[in-house]
Amino acid sequence: QKEVEQDPGPLSVPEGAIVSLNCTYSNSAFQYFMWYRQYSRKGPELLMYTYSSGNKEDGRFTAQVDKSSKYISLFIRDSQPSDSATYLCAMSLTGNQFYFGTGTSLTVIP
Amino acid sequence: GAVVSQHPSWVICKSGTSVKIECRSLDFQATTMFWYRQFPKQSLMLMATSNEGSKATYEQGVEKDKFLINHASLTLSTLTVTSAHPEDSSFYICSASKGQGAQPQHFGDGTRLSIL
């Protein structure tokens, strides 16, 4: 079983839609959770960084962590064509070793 | 900010040559740097973790004599692909973490390596 599971998509939504991206994980000891956005031929860009359970909001982005279900989500409100990218989740026990999902490809159609 | 610069962004070279890729943290000191390899439409594959002044820790299956990593300062790590062959063609990405303890990784923009 993989440490982190992420649906690769592709996911295609109309502009303005709310996007929900998800990852599940197997290790209940993970404490640090991250979401990265990666444009084609570029390195991943950190979007959200959360510790333990709960929600964190930054502009149009909201990250949720449900440790009881071992499930994390990233919501994008009012999605824009510029949000079209691959989104990677990542998590860590101690902050020194990171486990990445395979990424979800998102296309926002104008 | 947390800016990581990677150079070169794209390199093409003949089989048998060695290629050096640089990774620099521009506005912070990076005690730990990571090197990844990414195949098309796949996630990041960790190759090695390096701490400043120490030998790199390589992941299982990664040849340390082929992929030489040097982390000589708190702002610079290099990956040298020695005697590169076409199967080494890939997208190589570095990342860096600030300070000690739990810190997110900040990534460079990657290097596309093509071996002819």
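Description of the structure in this document. This is a predicted model, so every value here is computed, not measured.

A word on the interface of chain B and chain A. Across the contact, 18 residues belong to chain B and 18 residues belong to chain A. Surface buried jointly by chain B and chain A totals about 1,400 Å² across both partners, of which 56% is contributed by carbon and sulfur atoms. If you sort the residues of chain B by the area they bury against chain A, Ser43, Ala102 and Pro104 of chain B come out on top, with a joint share of 29%. The interface formed by chain B and chain A holds one salt bridge in total. Note that lysine 42 of chain A is salt-bridged to aspartate 109 of chain B, the shortest N-O span being 3.6 Å. Taken together, the links from chain B to chain A amount to four residue pairs in polar contact (both at pLDDT 80 or more). For the side of chain B that touches chain A, the elements supplying multiple residues, two or more each, are strand E4 (30-38), strand E9 (90-98) and strand E10 (105-107) of chain B. Considered class by class, the residues forming the side of chain B that touches chain A number eight nonpolar, eight polar and two charged.

Quick look at the state of the cysteines now. Counted according to the given criterion, the structure contains two disulfides over all chains. Each sulfur of the disulfide joining cysteine 23 of chain A and cysteine 89 of chain A lies 2.0 Å from the other. Measuring the twist about the S-S bond at about -100 degrees, one finds the cysteine 23 of chain A-cysteine 89 of chain A disulfide to be left-handed. Highlighted residues: cysteine 23 of chain A in strand E3 (residues 19-25) and cysteine 89 of chain A in strand E9 (residues 85-92), separated in sequence by 66 residues. Its relative accessible area of 0% is what places cysteine 89 of chain A among the buried residues. Disulfide pairing places cysteine 23 of chain B opposite cysteine 94 of chain B at an S-S distance of 2.0 Å. Across the disulfide from cysteine 23 of chain B to cysteine 94 of chain B, rotation about the S-S bond amounts to roughly 80 degrees, and the bridge is consequently right-handed.

To continue, consider the packing of aromatic side chains. If you walk through the whole model with that rule in mind, you get 13 aromatic pairs over all chains. Ring centres of phenylalanine 100 of chain A and tyrosine 36 of chain B lie 5.6 Å apart, and the angle between their planes is 85 degrees; on these two criteria the pair is classed as edge-to-face. Of the two residues, phenylalanine 100 of chain A is situated in strand E10 (residues 98-100) and tyrosine 36 of chain B in strand E4; the pairing between them involves two chains. Assigned by exposure class, phenylalanine 100 of chain A and tyrosine 36 of chain B land together as buried. Taken together, a centroid distance of 6.5 Å and an interplanar angle of 35 degrees make the contact between phenylalanine 34 of chain B and tyrosine 36 of chain B tilted. When its relative accessible area of 2% is taken as the criterion, tyrosine 36 of chain B is described as buried. Taken together through their ring pairs, the aromatic side chains of Tyr36, Phe98 and Phe100 of chain A together with Phe34, Tyr36 and Phe107 of chain B make up a single cluster. The ring of phenylalanine 28 of chain B carries the charged tip of lysine 98 of chain B above its face, separated from the ring centre by 5.8 Å.

What counts and how
- Residues numbered from 1 in each chain as written.
- Chains lettered and ligands numbered in written order.
- Predicted model: local features only at pLDDT ≥ 70, side-chain atom pairs only at ≥ 80, totals over all residues.
- Heavy atoms only, no water.
- Contact = heavy atoms within 4.5 Å.
- Buried area = accessible area lost by both parts, 1.4 Å probe.
- Salt bridge = Lys/Arg side-chain N within 4 Å of Asp/Glu carboxyl O.
- Polar contact = N/O pair within 3.5 Å; in protein donor to acceptor, adjacent residues only side chain to side chain.
- Helix = DSSP H or I, 4+ residues; strand = E, 2+ residues; numbered from the N terminus.
- Nonpolar A, V, L, I, M, F, W, Y, C, P; charged D, E, K, R; others polar.
- Disulfide = S-S within 2.5 Å.
- Buried < 20%, exposed > 50% of the residue type's maximum accessible area, 1.4 Å probe, protein only.
- Phe/Tyr/Trp six-rings, centres within 6.5 Å; stacked < 30°, edge-to-face > 60°.
- Lys NZ or Arg CZ within 6 Å of the ring centre and 35° of its normal.

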